[in-house]
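# A closer look at the structure
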Amino acid sequence: MNILFAAGDFDKQLHATNKIVYNVAQSLAQKGHRCIFAGLSNFDDACTENKDGLKLVRINSSHICDRAFLSLENFVRSSGLAREQAKKKFYFAHPVYTAALLYRYNIGKKELYCADSYAKQLKQLADREKADMIVVSYMPFIQNFALVTQNKWDIPVIAWQLDPWGLHRADIMQPLAAQHTEQETSLFEKCRQIITTPVLYRQYSQHPSYSRYLDKMVPLDFPNVKKLPEHNPQDCVFSFDKDIVNLLFCGIVHDDYRNPQFLLDSLSAVRKSGCDRFKLHFLGSNESDSLRRFMTENDWVVHHGNVPLEKAFATMEQADVLINIGNTYDNQVPSKIFDYFAFGKPIINVEKIHNCPAREYISRYPCSVTLEEWNSSCDSTSALCQFLADCKGSHTAFEEVEKLFYNCTLNYATDVFCDIIDKI
């Protein structure tokens, strides 16, 4: 079968949710399916290449809409957000993304023009590649944005909900929840099937606007648990001090939804108690003023910036402890925890909310400690001290991890997709 995967930013094809889509497409290609991975690009000329058994296609987004329309000022006007809030949401890297973000707030003629242009490019690509089905993934408001002008595709459309937005209860856009739900359910109307996480599936089942689509839904966890090849230690981003415990966080830190302040304060308390033989490292984007301020006064915390995925994996392999900072959303599990499980490293987990969706996974992992930021009576200092004293050199075998989290493996996800394909 010819399968077109419509993903997000092409130039971040191995980053976070795009990596998940890419891995499943590659796995299906190994089973004999012809898979095309299409992502957005700002390159002047769209280009194509073959890699990892896939056909990779860049969809040129640079000409889709005029740049003045995609300005921060227009975003502030369209969204009704305060300027500082809008700046944290605004993203100019791809016109399609930005126009879709405007659509997320307040649909208008120009947004629909962008949607139509993007949808036509996807449709032309599907026709040219003789696609038998299309899987729309990444951020669904972009995919709905692309499909909203198409009343009906002549091939089955599968929505892979990697970043839902209609039920974001803690989002600053909560006043627009009804509009988001209308947009998201209009996507469901157009799709043959909807792949969603078990956490979100449970929420959908309890919501009258979504529950009528349950017969279309297929629950699927993030399939990041897979046996990883050994990485070259020379690819490590920095040299670890082997005489201390090295803590590592990978991903975006952001003061709104993944603020590291509680983690920093907790580890500071541990150091003051006399347990100070550790260093904290961050890899990824730093959008946290809290972290920037803290690093000016504490040399035991270092932020190393963005690095290629393979270098990040090599660094994770050398770290002693991996750190997860939970989301403030109650329907999104950070995909990185499944990568962490695959490495078998000890994990420090920070829960931002009392109903953290990552808990049901972290609680099953053999070597972890959870810090309850939401629990004002929780004193984590002694637990952290003990954990740091015992964890160095600890490792959980992949075979044990695979048994505990088989539903989160690439093999399981591939079987789910094969079942969907067989029914089409």
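Whatever comes next refers back to the structure up there.
What comes next concerns the included structure. What you see is a predicted model, and the numbers here were worked out from it, not measured in a lab. Along each chain, residue indices are assigned from 1 in the same order as the chain's sequence is written. pLDDT decides what is reported in this predicted model: residues at 70 or higher carry local features, side-chain atom pairs at 80 or more are listed and counted, and totals for whole chains, interfaces and linings draw on all residues regardless. Just so you know, side-chain values use all the structure's heavy atoms and leave hydrogens and water out.

## Remarks on the side chain of Thr-409
Worth spelling out the cut-off: Where helices and strands are cited, they refer to DSSP runs of H or I of at least four residues and of E of at least two residues respectively, numbered from the N terminus. In protein, a polar contact means a hydrogen-donor-capable atom and an acceptor-capable atom, both N or O and within 3.5 Å, with residues adjacent in sequence counting only if both atoms are side-chain atoms; elsewhere, any N or O pair within 3.5 Å suffices. Contact between two residues is taken to exist if any of their heavy atoms lie within 4.5 Å; hydrogens are not considered.
Within the secondary structure layout, Thr-409 lies in the loop between α16 (398-404) and α17 (410-423). At 2.7 Å, the side chain of Thr-409 forms a polar contact with the backbone oxygen of Tyr-406. A polar side-chain atom of Thr-409 sits 3.2 Å from the main-chain amide nitrogen of Tyr-412. Apart from residues no more than four positions distant in its own chain, Thr-409 is found in contact with Pro-223, Val-225 and Glu-402.

## A word on the packing of aromatic side chains
Heads up, the condition is: Two rings belonging to Phe, Tyr or Trp (six-membered ring only in the last case) form a pair when the distance between their centres is within 6.5 Å. Interplanar angles under 30 degrees mark stacking, angles over 60 mark edge-to-face geometry, and anything in between is tilted. Buried residues are those whose accessible area, probed at 1.4 Å on protein chains only, stays under 20% of the maximum for their type, while exposed residues exceed 50% and partly exposed ones sit between those limits. Lysine and arginine charges are scored as sitting over a ring when NZ or CZ, respectively, is within 6 Å of the ring centre and within 35 degrees of the ring normal.
As enumerated under the stated definition, the model contains 18 aromatic pairs in all. Seen from their ring centres, Tyr-22 and Phe-37 are 5.3 Å apart, and the 75 degrees between their planes marks the pair as edge-to-face. With Tyr-22 in helix α1 (residues 16-30) and Phe-37 in strand β2 (residues 34-41), this residue pair connects regions lying 15 residues apart in the sequence. Judged by its relative accessible area of 0%, Phe-37 is buried. One aromatic cluster is present, built from ring pairs that chain together Phe-222, Phe-338, Phe-341, Tyr-361, Tyr-365 and Phe-405. Over the aromatic face of Phe-278 sits the side chain of Arg-271, whose NZ or CZ is 5.0 Å from the ring centroid.

## Examining the sheet that holds strand β14 (residues 321-325)
Test applied: Strands are labelled as partners when DSSP assigns at least two bridges between them. Axis lines are fitted through C-alpha atoms, for helices just across the contact stretch, and the angle between N-to-C directions can take any value from 0 to 180 degrees.
Taken together, six strands build an open sheet; the order of strands is β13-β11-β9-β14-β15-β16 and the sheet is parallel. Each end of this open sheet is capped by a strand with a single partner; those strands are β13 (301-303) and β16 (368-372). Each adjacent strand pair in this sheet contributes to an overall mean axis angle of 20 degrees, direction not counted. When β14 meets strand β15 (residues 347-351), the two strands line up parallel, connected through four bridges. The residue of β15 that forms the bridge with Leu-322 is Ile-347. Contacts between helix α11 (residues 289-297) and the sheet are confined to β11 (278-283) and β13, with β13 contributing the most and set at about 125 degrees to the helix. The sheet strands contacting helix α12 (residues 309-318) are β9 (245-250), β11 and β14, and the helix crosses β9 at an angle near 150 degrees.

## A few points about the nonpolar core
Here is the rule: As used here, the term nonpolar core means buried Ala, Val, Leu, Ile, Met, Phe, Trp, Tyr and Cys residues forming a set that is joined through side-chain atoms within 4.5 Å.
Ranked by size, the top nonpolar core spans 89 residues in total, and within it Phe-5, Trp-160, Leu-280 and Phe-341 carry the most contacts. Ile-36, Leu-122, Ala-159 and Tyr-204 belong to the second largest nonpolar core, which has 27 residues in total.

## Some thoughts on unusual backbone geometry
Even without being a glycine, Asp-52 presents a positive backbone phi close to 55 degrees. Topologically, Asp-52 is positioned in the loop between β3 (48-51) and β4 (54-60). Judged by its relative accessible area of 37%, Asp-52 falls in the partly exposed class. Positive phi, close to 55 degrees, is recorded for Lys-130, a residue that is not glycine. Mapped onto the elements, Lys-130 comes out in the loop between α5 (109-128) and β5 (133-136).

## Quick notes on the environment of Pro-346
Residue placement: Pro-346 occurs in the loop between α13 (336-343) and β15. Residue classification places Pro-346 among the buried positions, given a relative accessible area of 0%. Along the chain, Pro-346 and Val-369 lie 23 residues apart, while their C-alpha atoms are 8.4 Å from each other. Ignoring sequence-local partners within four residues, the contact set of Pro-346 consists of Asp-320, Val-321, Leu-322, Cys-367, Phe-387, Cys-391 and Ser-394.

## A short note on the pairing of β5
The side chains of a regular strand alternate between both faces of the sheet. Alternating residues of β5 divide into Met-133 and Val-135 and Ile-134 and Val-136, and every residue in both groups is buried. Where β5 meets strand β6 (residues 157-160), three bridges bridge the pair, whose relative direction is parallel. Its bridge partner lying in β6, Val-135 is registered against Ile-158.

## Some thoughts on the pattern of salt bridges
In plain terms, the rule: Each salt bridge in this description consists of a side-chain nitrogen of Lys or Arg and a carboxyl oxygen of Asp or Glu lying within 4 Å of one another.
Evaluation of the coordinates by the stated rule reveals eleven salt bridges. Two residues, Lys-123 and Asp-127, come together in a salt bridge whose shortest N-O distance is 3.3 Å. Here Asp-127 and Lys-123 lie together in helix α5, a separation of four residues that amounts to about one turn. According to the relative accessible area criterion, Lys-123 is buried, its value standing at 19%. On the accessibility criterion, Asp-127 (42% relative accessible area) is partly exposed. For Glu-373, the salt bridge goes to Lys-352, with nearest N and O atoms at 2.9 Å. Pair noted here: Glu-373 is in the loop between β16 and α15 (381-391) and Lys-352 is in the loop between β15 and α14 (359-362), with a separation of 21 residues, a long-range link. For Glu-373, a relative accessible area of 27% puts it in the partly exposed group. When its relative accessible area of 12% is taken as the criterion, Lys-352 is described as buried.

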